[in-house]
Amino acid sequence: MSSAIIKRTSDLSLEEVCARLPAAAAKHQFGLLGTHDLKEKMRNKGLSFERECRVFEVCDPRQAHAILSGDIAVSAALPCRISVYDEGGSTLLATIAPEGLLRLFDPPSSDAQRIARQVETDLIAIMDEAAGVPTESRAE
């Protein structure tokens, strides 16, 4: 991926995408570690924030174990996050590209690069499935 942020657009509502995301993650052996409703969190802190945005923390424990065994400092970038938000009447999903994130750690090993590439592929598949992107339309 050339961009540091990977995005997908969905024709589904934010609520539908959020309901689909946990099953899509589980299908790819990613656990759902937490979900944050940013609008609600801001409101609870007395701040007005009108945009809908949910952040899902997901993790493939086998991949996390492998990468952390090589460089524990990568723990600062884990778990992976997928955000789902409204943008101009559409529902968007976004995540930070794991390969780009890994470049922050000097120097990433070839094993770490391979793991980041696989995690990136899995995150894209999870996002596409949650977004309802037809299989034949998915970017590889």
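About the cut-offs
- Residue indices follow the written sequence of each chain, beginning from 1 at its first position.
- Totals for whole chains, interfaces and linings use every residue, but because this is a predicted model, local features are given only for residues with pLDDT of at least 70 and side-chain atom pairs only at 80 or more, for both listing and counting.
- Think of the side-chain values as coming from all heavy atoms in the structure, minus any hydrogens and water.
- To form a nonpolar core, buried Ala, Val, Leu, Ile, Met, Phe, Trp, Tyr and Cys residues must be joined to one another through side-chain atoms within 4.5 Å.
- Whether a residue is buried, partly exposed or exposed follows from its accessible area with a 1.4 Å probe, protein chains only, as a fraction of its type maximum: under 20%, in between, or over 50%, in that order.
- The secondary structure listing takes helices from DSSP runs of H or I that are at least 4 residues long and strands from runs of E that are at least 2 residues long, numbered from the N terminus.
- Any two residues whose heavy atoms approach within 4.5 Å at even a single point are treated as in contact.
- Nonpolar side chains (Val, Leu, Ile, Met, Phe, Trp, Tyr) within 5 Å and like charges within 9 Å form the patches, drawn only from residues with over 30% relative accessible area and no salt bridge.
- What sets the accessible areas is the Shrake-Rupley method with a 1.4 Å probe; for residues, cover comes only from the shown protein chains.
- Salt bridge criterion: a side-chain nitrogen from Lys or Arg within 4 Å of a carboxyl oxygen from Asp or Glu.
- Detection works on a 1 Å grid of protein atoms alone, calling trapped sets that fit a 1.4 Å probe cavities and calling open sets with protein on both sides within 12 Å along at least five of seven lines pockets, with lining residues defined by an atom within 4 Å of a point.
- Grid points are joined across faces, edges and corners, and a volume is the space filled by probe spheres set on the points.
- Each residue receives one of three labels: charged for Asp, Glu, Lys and Arg, nonpolar for Ala, Val, Leu, Ile, Met, Phe, Trp, Tyr, Cys and Pro, and polar for the others, Gly being one of them.
- Working convention: axes come from line fits to C-alpha atoms, limited for helices to the stretch in contact. Angles between N-to-C directions cover 0 to 180 degrees.
- Here is the rule for angles: anything less than 35 degrees is roughly parallel, anything more than 145 is roughly antiparallel, 65 through 115 is roughly perpendicular, and the remaining ranges are oblique.
- Take the far helix as your reference; a near helix turned counterclockwise from it by less than a right angle gives a left-handed crossing, and one turned clockwise gives a right-handed crossing.
- Two strands are said to pair when DSSP picks up at least two bridges between them.
- A pair of sulfur atoms, both from cysteines and within 2.5 Å, is called a disulfide here.

**Q** Is there a simple way to think about the nonpolar core in this case?
**A** As a rule of thumb, nonpolar side chains are buried together in soluble globular proteins. In this structure, Leu-21, Val-58, Ile-82, Val-84 and Leu-93 are the most contacted members of the largest nonpolar core, which totals 31 residues. Elements represented by at least two residues in this core include exactly helix H1 (14–27), strand E3 (53–59), strand E4 (80–87) and helix H5 (110–131). Residues in contact with Leu-21, not counting those within four places in the same chain, are Phe-56, Val-58, Ile-82, Val-84, Leu-93, Ile-126 and Ala-130. Counting five residues, the second-largest nonpolar core is a separate cluster that includes Cys-53, Tyr-85, Leu-92 and Ala-94.

**Q** Where do I start with a nonpolar patch on the surface in this structure?
**A** Where nonpolar side chains cluster on the molecular surface, the patch consists of Met-42, Leu-47 and Phe-49 and spans about 240 Å² of accessible area. The partly exposed category is assigned to Met-42, whose relative accessible area is 32%.

**Q** When you look at the layout of surface pockets in this model, what are you seeing that I'm missing?
**A** With a probe scaled to a water molecule rolled over the atoms, the places where space remains empty come into view. Estimated volume of the largest pocket: approximately 410 Å³. Forming the boundary of the largest pocket are 27 residues, of which Ala-77, Leu-78, Pro-79, Cys-80 and Leu-101 lie nearest the centre. When contributions to the lining of the largest pocket are tallied by element, the ones reaching two or more residues are E3, helix H3 (61–70), E4, strand E5 (90–96), helix H4 (98–102) and H5. If you tally residues by element for the lining of the largest pocket, the top one is E4, at four residues. For the lining of the largest pocket, the class distribution of residues is 22 nonpolar, three polar and two charged.

**Q** I keep staring at the environment of Leu-33 and nothing clicks. Help me out?
**A** When you line up the elements, Leu-33 lands in strand E2 (residues 31–37). Classification of Leu-33 by relative accessible area gives exposed; the value is 56%. In the structure, Leu-33 is positioned 78 residues away from Asp-111 in sequence and 25 Å away in space, judged by C-alpha atoms. The contacts of Leu-33, once residues within four sequence positions are left out, are Glu-57, Cys-59 and Pro-79.

**Q** Please explain the packing of H3 against H5 as it appears in this structure.
**A** A packed helix pair is summarised by two numbers, namely the angle formed by the two axes and the spacing between the axes. Close contact between H3 and H5 brings their axes to 10 Å; oriented N to C, the two are set at 155 degrees. In terms of orientation, H3 and H5 fall into the roughly antiparallel class. Two packed elements cross with a definite hand, and for H3 against H5 that hand is left-handed. For the pair H3 and H5, contact is made by Gln-63, Ala-66 and Ile-67 and by Ala-112, Ile-115, Gln-118 and Val-119, respectively. For the contact of H3 with H5, the class distribution of residues is five nonpolar, two polar and no charged.

**Q** Looking at this structure, how should I read the pairing of E5?
**A** For a regular strand, side chains alternate in direction, first toward one face of the sheet and then toward the other. By the criterion of burial, E5 is predominantly enclosed, with five of the seven residues buried. Relative to E5, strand E1 (residues 5–10) runs antiparallel, the two being bridged by six bridges. Residue pairing across strands places Arg-8 opposite Leu-93, the latter belonging to E5. Sheet analysis places E4 next to E5, joined by five bridges and oriented antiparallel.

**Q** Explain the state of the cysteines to me, please; I cannot follow it from the model alone.
**A** By definition, a disulfide links two cysteine residues through a covalent bond between their sulfur atoms. What the rule picks out here adds up to zero disulfides. Not part of a disulfide, Cys-53 finds its nearest cysteine sulfur in Cys-18, a span of 8.8 Å. By relative accessible area, which is 12% here, Cys-53 ends up buried. Counting only cysteine sulfurs, Cys-80 is the nearest neighbor of Cys-59, a cysteine outside any disulfide, at a range of 6.8 Å.

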